[in-house]
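These are the residues of each chain, in order.
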Amino acid sequence: MGLFRSCLYLSVFYMLQGSNASLVQLAHNGYEDIIVAINPLVLEDEKLIQQIKDMVTTASTYLFEATEKRFFFRKVSILIPENWTDNPQYRRPRHESYQHADILVAPPTHPGRDEPYTRHFKDCGEKGEFIHLTPDFVLGKKTAEYGPSGKVLVHEWAHLRWGVFDEYNEDEPFYAATSTKVEATRCSTGITGQNRVLHCVGGSCVTKRCRVDPQTKLYEKDCQFFPNKVQTEKASIMFMQNIDSISEFCTAKNHNQEAPNLQNKKCNFRSTWEVISNSEDFQKTAPMIVSPPATAFSLLKISQRIVCLVLDKSENMAIHNRLHRMNQAAKYFLLQTIENGSWVGVVAFDSMAHIKSKLIQITSSNERRKLIESLPTEASGGISICSGIKSAFQVLRERFSQIDGAEIVLLVAGKDSTVRNCMDEVIQSGVIIHLIALGPDAEGAVTEMCTKTGGSHQFASDNAQNSGLVHAFGALAAGNTDLSQQAFQRESKGLALTSDPWMNGTVVIDSTVGKETFFLVTWNQRVPRISLWDPNGTLVGKFTVDINSKMAHLTIPGIAKVGVWTYSLQAKATPEVLTMTVTSHMSSSAPPITVSAKMKKERSSFPSPIVVYAEVQQGLLPLLGANVTAFIESAHGQVEVLELLDNGAGADSFKNDGVYSRYFTAYKENGRYSLKIRAHGEANSVTRSSRHPLNRALYTPAWVVDGKIEGRLPRSAGNEATQTTLESFSRTVSGGVFVVSNVPKVSSLDMYPPSQITDLAAQPDGDQITLTWTAPGDDFDSGKVEQYIIRISGSLLDLRDNFDNALQVNTTELLPSEANAKETFAFKPGNAADENATYIYIAMQSVDKSNLTSKVSNVAQVPLFVPQADAVPDDSHHNTKLSISTLVLSGIGSVAVATIILSTTIHILKKKKHASESETEF
């Protein structure tokens, strides 16, 4: 129960919010507007606030030195839960919220999992989403396992801000080095230690020398690397920051390019310092001469939600049935989206503003109905956005003297050249502006208000069947409210009916989200016939019909039956537009399945692609095997459908992490595009993975002290390899807006190359090497390429930096498959490398029909030698100082099957000077 409640709160705070949720700014070498948010489930403890301050202060000094006196933490806000006791030091947040949090102090994802980690699912050099620290870690209870909290925070900050990766690998803890030795995966190799197997039974522990696996020629599964407690090596923070001597990042000079870690795999074998040095932060700063100032902290406490609807009723709303559609969506917001306890007011504007309702606190359905009655009923006149906003300020200040953090939901359908007249006042007010742009002509300058006040940007076209306005209002749930008060959208479907009057469909209700299930039907002309059946086939209830608003709704009392619900709508007019929207609230203590969506960036200039992401989770655990579809609607209502994938190829950086991704290039016009995501899963086809997250601080189970291994409390296994099969589910969410410019009216040119291959793998097979990878497409990850270019070398740097001059493999018989298929190809290495080579390195490119080439793939490698195991004699012994209660059983983790050694019969030939002109022969 406690774990489930933890996941409930955590999952809402971790839902993706916009393309850049962080508000962090870098000014004069100091990071400002960092938000550290304390989860509401964390027990009230003033010591925690002080420990956060101490951790960040220490981290600031450590960061300053680690970055060669270039960066530090200048201003940090600590977000305190609403359920904690009031304190005169606490202020109301302005733009700070959980959805903008950079560091979350929250319960562990699983009991015993206190590992600090960073949610990062993008490419090398790109910012992550947030850092997760547990209360026990912040309070200093996990220092022995992970190191001082300040040093760990710098490790995680490097993930978050600069997009670097870990330099260890628990799946591949050992590798065959060019020294012909089996080495531990680490950076730098100057970190010393012992490779041992630790086995404990009945309170007695035994250490043994590691044996070599006859298949992989590397160490057996249970072998671990135990570092010496006393070291002199200073690098690297991204390997093991808890070593006392570690104070630097690995540089090009000491970076270990051979280690099979994520840093090498994702960053093209560049060191962490090289990636940091190429960051925007680094490029616009210089080392400081003086010491940085102390970090300044602000204590902010979450409080009740205050919202004012500011709705356009100008003549722009008189076309395309906009006013009715706006009122339908606003009523949906007031009935379903806005949370109990919130204060809500309503302002309408044309050439002047009209206060329709002062702030009313929602405590029952009566207040909701009263607010609905205040919605505008006529559309006419000019447009003055600033008048509407200033009247909203009046409404807010009449009830509250301090309006920091209050929200304005601004719906705009027309252009207003005077909007910048109030821009500065809005930005200085402390109010958050959420923009809903309706139609292709909605004023674009208001977007700046959203960006600078931390608000969201939504868009709806004039195509009613796409339900854009309902989605836009439904996306405005509070960023600081737990999931128990939020409505989950199950279905959002619309049809423009001409000859066939029927719109039929089904909705899946799962066991976690079925309370107060709400069905909403809208139409354009006449009330349709509405029928709804539960999973048992029983006809359900009578809809409440609102003739004036052209909508009908029905709430299933209590908890709806689990299973497939069926609906049937029959139009009574031709033509007609019908829509069906279904939402539910949480119905059990189990964490609900959630879907969240975002784009890689909010603005793009043709032909630059947009990457679409959707994260599917239950609690904080990723869901694998879901069917996830993106619906991308242009300013004039054209919809492109895109299947998103979690295959670790193309736009998707990591396979099976619950983040489904795809490139979008089908631009039809300039202007706004809205994103909607639909995810569903069939029973027994979707699984919940409980493996440890990537990008986390390394857990150290034991140290080598005076030649002997000394351990500590074991880490909980946490069922890291388990996957749980789930029931059927369906979810629909809004993913916000992106804006595209410079789209040509007519273009016959092929502007998009194939995507980079990122999962190339190589294995020896007798006297051949077998390659596997995921097929790219003609346009990034769609379509089919024309051919592949495969090259090999005995030098990693030569292949990486001079790919076109490396030896080319004959690929005449290699016929490409459709994008996202699994490709396999075998070849004999032949003239692979010079006689001193210890590895064969392999990389490839793909070429499309327009002769556009992809980026060079990741580099796969195959050793040309049998690695030598540790020569230290077997020193197996019982260690009476070690016991089951004080020593870890699993440590760094299991060894994944590594590259099998090539047959020793492969004859290495001298590489010719002009190898680039030749090809291997079979």
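This text goes with the structure placed above it.
So, how was this worked out
Residues numbered from 1 in each chain as written. Predicted model: local features only at pLDDT ≥ 70, side-chain atom pairs only at ≥ 80, totals over all residues. Heavy atoms only, no water. Salt bridge = Lys/Arg side-chain N within 4 Å of Asp/Glu carboxyl O. Buried < 20%, exposed > 50% of the residue type's maximum accessible area, 1.4 Å probe, protein only. Helix = DSSP H or I, 4+ residues; strand = E, 2+ residues; numbered from the N terminus. Core = buried A, V, L, I, M, F, W, Y, C linked by side-chain atoms within 4.5 Å. Contact = heavy atoms within 4.5 Å. Axes fitted to C-alpha atoms, helices over the stretch in contact; angles between N-to-C directions. Parallel < 35°, antiparallel > 145°, perpendicular 65-115°, else oblique. Left-handed = near helix turned anticlockwise from the far one by under 90°. Nonpolar A, V, L, I, M, F, W, Y, C, P; charged D, E, K, R; others polar. Pairing = 2+ DSSP bridges. Disulfide = S-S within 2.5 Å. Phe/Tyr/Trp six-rings, centres within 6.5 Å; stacked < 30°, edge-to-face > 60°.

Participant: So what exactly am I meant to see when it comes to the pattern of salt bridges here?
Facilitator: Where charged atoms from two side chains of opposite charge come close, those side chains can pair. Counted under the stated rule, the structure contains 34 salt bridges. For K141, the salt bridge identified is with D136, shortest N-O distance 3.6 Å. A relative accessible area of 55% means that K141 is categorised as exposed. Across the pair R731 and D510 runs a salt bridge, and its minimum N-O distance is 2.8 Å. One end of the pair, R731, is in strand β41 (residues 729-741); the other, D510, is in the loop between β22 (502-509) and β23 (513-522), and 221 residues separate them in sequence. Note on R731: relative accessible area 2%, which makes it buried.

Participant: What's the story with the nonpolar core in this structure? I'm lost.
Facilitator: A general feature of soluble globular proteins is that nonpolar side chains tend to end up buried together. One finds Y31, I52, F73, W157, W162 and F249 to be the most contacted residues of the largest nonpolar core, which totals 82 residues. The element best represented in this core is helix α2 (residues 46-66), accounting for nine residues. Among all residues touching W162, those that are not within four sequence positions of it are Y31, L63, T67, F71, G125, E126, W157, F249, V275, I276, S279 and D281. Judged by nonpolar contacts, the second largest core, of 38 residues, contains L623, L644, V659 and Y660.

Participant: How do you make sense of the packing of α2 against helix α5 (residues 149-162) when you look at a structure like this?
Facilitator: Between two packed helices, the angle of one axis relative to the other and the distance separating the axes together describe the packing. Relative to each other, α2 and α5 sit at 70 degrees, their axes nearing to 8 Å. One finds that α2 runs roughly perpendicular with respect to α5. As for the relative orientation of α2 and α5, their crossing is right-handed in sense. Residues M55, V56, T58, A59, Y62 and L63 of α2 form the contact with α5, whose participating residues are S149, G150, K151, L153, V154, W157 and W162. Class assignment of the residues belonging to the contact of α2 with α5 gives a composition of nine nonpolar, three polar and one charged.

Participant: What's the story with the pairing of strand β26 (residues 551-559) in this structure? I'm lost.
Facilitator: Looking along a regular strand, one sees the side chains alternate between the two faces of the sheet. Sheet analysis places β23 next to β26, joined by seven bridges and oriented antiparallel. Across the sheet, the residue bridging to V521 is A552, located in β26. Here strand β25 (residues 544-546) runs beside β26; their pairing, made up of three bridges, is antiparallel. Its bridge partner lying in β26, D546 is registered against M551. Hairpin connection of β25 to β26: four residues between the antiparallel strands, including K550 at a positive phi of 55 degrees.

Participant: So what exactly am I meant to see when it comes to the state of the cysteines here?
Facilitator: As enumerated under the stated definition, the model contains four disulfides in all. A sulfur-sulfur distance of 2.3 Å marks the disulfide that ties C187 to C250. In this structure, the disulfide formed by C187 and C250 twists by about -125 degrees around the S-S bond and is classed as left-handed. Residue C187 is found in the loop between β10 (182-184) and β11 (193-201), and its partner C250 is found in the loop between α6 (237-240) and α7 (262-266); the two are separated by 63 residues along the sequence. Accessibility expressed as a relative area gives 0% for C187, which makes it buried. Look at C250 and you get buried, because its relative accessible area is 0%.

Participant: What is the right way to look at the packing of aromatic side chains in this model?
Facilitator: By convention here, two paired aromatic rings are described through the distance between centres and the angle between planes. Summed over the entire model, instances satisfying the criterion amount to 29 aromatic pairs. Relative to W157, the ring of Y31 has its centre 5.2 Å away and its plane inclined at 65 degrees; by these criteria the two rings are edge-to-face. Of the two residues, Y31 is situated in strand β2 (residues 30-32) and W157 in helix α5; the sequence distance between them amounts to 126 residues. The burial state of Y31 is the same as that of W157; both residues are buried. Judged by centre distance (5.1 Å) and plane angle (85 degrees), the rings of W773 and Y788 are edge-to-face. Placement of W773 in strand β43 (residues 768-774) and of Y788 in strand β44 (residues 787-793) is noted, with a sequence separation of 15 residues between them.

Participant: What's the story with the environment of Y31 in this structure? I'm lost.
Facilitator: We classify Y31 as buried; its relative accessible area is 0%. The spatial distance from the C-alpha of Y31 to the C-alpha of F72 is 6.3 Å, given a sequence separation of 41 residues.

Participant: Is there a simple way to think about unusual backbone geometry in this case?
Facilitator: Note: most residues except glycine have negative phi, and most peptide bonds are trans. In the segment running from C187 into S188, the intervening peptide bond is cis, with an omega of 5 degrees. Turning to its location among the elements, S188 is positioned in the loop between β10 and β11. Following T574, the chain continues into P575 via a peptide bond in cis, with omega recorded as -5 degrees. In this structure, P575 sits in the loop between β27 (563-570) and β28 (576-586).

Participant: Explanation requested: the packing of helix α10 (residues 322-337) against helix α11 (residues 365-373) in the structure shown.
Facilitator: For the pair α10 and α11, the least separation of the axes is 10 Å and the interaxial angle reads 170 degrees. Considered as vectors, α10 and α11 are oriented roughly antiparallel to each other. Only R368, L371 and I372 of α11 make contact with α10, whose side of the interface consists of K331, L334, L335 and Q336. Taken together, the residues of the contact of α10 with α11 break down into four nonpolar, one polar and two charged.

Participant: I tried to follow the sheet that holds β41 on my own but got confused; where do I start?
Facilitator: The pairing of strands in a sheet happens through backbone hydrogen bonds and is either parallel or antiparallel. Reading across the sheet, the five strands line up as β30-β41-β36-β33-β34 and stay open at both edges, with mixed pairing between neighbours. Each edge of the sheet is formed by a strand with only one pairing partner; in this case those strands are β30 (603-605) and β34 (639-644). Taking the axes of each pair of neighbouring strands and ignoring which way they run, one obtains an average angle of 30 degrees across the sheet. Relative to strand β36 (residues 671-681), strand β33 (residues 627-633) runs antiparallel, the two being bridged by seven bridges.

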